[in-house]
Amino acid sequence: MTPPRTATMTTPDPARQLLRHTVATIAYRGAKPLRRAPESFAAFRAGDTARTPIQILAHIGDLFDWALSVAKGTQTWQNSQPLAWDAEVARFHHTLQQFDNYLASSEPLHESPEKLLQGPLADALNHIGQLTLLRRLAGSPIKGENYHKADISVGQVGPDQPAPRREFD
C-alpha cells in the first residue's frame, strides 16, 4: 500500500531552495561582468601571477562541475584548459544549469547544503567579484548595482538575465 502524500512530501526542501536561489544569484551577478566584455578582456593580466579572466571563468565552470559531482556523491575535480571566451561563457551557464537541475530534482544530496554553500558556491561568488574588479582594471568597468533590488528567480540561470533595476552612476 502506498502511503498518502503529505505536505512535507510535496513542499520543496527550504535548504535546496536557498541553494537554488544562490545559484540564480551567481548566474545574475556572473553574467554582468561577462556581458559585452571587450575582446581583450579574456587575456587581461593584473599581475605576473594573477589568473586571467578566461582562467577564472574556466575555474568557475570547474567549481560547478565539482559541485554537481559532490551533490551526486561522486566527488571529482578537474582543472580544465580554458576554452575560447564565448565557449567559456556558455559553459558557465551550462554548468550552473546542470547543478540547478540536480538541486531541483528529487535525487538525494550526498553533501550537506551548508558544505555546498561554503565551498563551491561561495568560491564562485568570490571569483565573480574578481571578474568585476578585473573589468575595472582592464579599463572596461561595469556599473555597480543594488543587488537587493535585482530580479533574481530560482531556476533562472541562463545567459538571458533580467535587466538591472537599480544601477549606480
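This text gives an overview of the structure that appears in the document. (Residues numbered from 1 in each chain as written. Predicted model: local features only at pLDDT ≥ 70, side-chain atom pairs only at ≥ 80, totals over all residues. Heavy atoms only, no water.)

## Comments concerning the overall build of the protein chain
The helix and strand inventory of the protein chain stands at five helices and zero strands. Its helices and strands in sequence order give the protein chain the pattern α-α-α-α-α, from N to C terminus. The C-alpha atoms of the protein chain give a radius of gyration of 17 Å, which matches the 15 Å a tight globule of 169 residues would have. Based on the C-alpha atoms only, the size of the protein chain along its principal axes is roughly 65 × 35 × 25 Å. (Helix = DSSP H or I, 4+ residues; strand = E, 2+ residues; numbered from the N terminus. Rg over C-alpha atoms; globule rule 2.2 N^0.38 Å.)

## What about the layout of surface pockets?
Empty space within the largest pocket amounts to approximately 170 Å³. Around the largest pocket, the lining residues are Arg 51, Gln 55, Ala 58, His 59, Asp 62, Asn 79, Ser 80, Gln 81 and Pro 82. Of the residues belonging to the lining of the largest pocket, the class tally is two nonpolar, five polar and two charged. (1 Å grid on protein atoms, 1.4 Å probe; cavity = no way out; pocket = protein on both sides within 12 Å on 5 of 7 lines; lining within 4 Å. Points joined across faces, edges and corners; volume = space filled by probe spheres on them. Nonpolar A, V, L, I, M, F, W, Y, C, P; charged D, E, K, R; others polar.)

## Brief notes about the pattern of salt bridges
Under the defined criterion, the tally for this structure stands at six salt bridges. The partner of Asp 62 in a salt bridge is Arg 91, with the nearest N and O atoms 2.7 Å apart. In this pair, Asp 62 is assigned in helix 3 (residues 53-72) and Arg 91 in helix 4 (residues 85-104), connecting sequence segments 29 residues apart. For Asp 62, a relative accessible area of 3% gives the class buried. With a shortest N-O distance of 2.9 Å, Arg 91 and Asp 65 are connected by a salt bridge. With Arg 91 in helix 4 and Asp 65 in helix 3, the pair connects residues that are 26 residues apart, well separated along the chain. A relative accessible area of 13% means that Arg 91 is categorised as buried. (Salt bridge = Lys/Arg side-chain N within 4 Å of Asp/Glu carboxyl O. Buried < 20%, exposed > 50% of the residue type's maximum accessible area, 1.4 Å probe, protein only.)

## Here's the deal with the nonpolar core
Soluble globular proteins tend to bury their nonpolar side chains together. Among the nonpolar cores identified, the biggest contains 36 residues, and Phe 64, Trp 85 and Phe 99 are the most heavily contacted of them. No other element matches helix 3, which puts 10 residues into this core. Apart from residues lying up to four places away in sequence, Phe 99 is in contact with Val 23, Phe 64, Ala 67, Leu 68, Ala 71, Leu 116 and Leu 121. (Core = buried A, V, L, I, M, F, W, Y, C linked by side-chain atoms within 4.5 Å. Contact = heavy atoms within 4.5 Å.)

Such coordinate-based values are descriptive only and should not be taken to indicate function.
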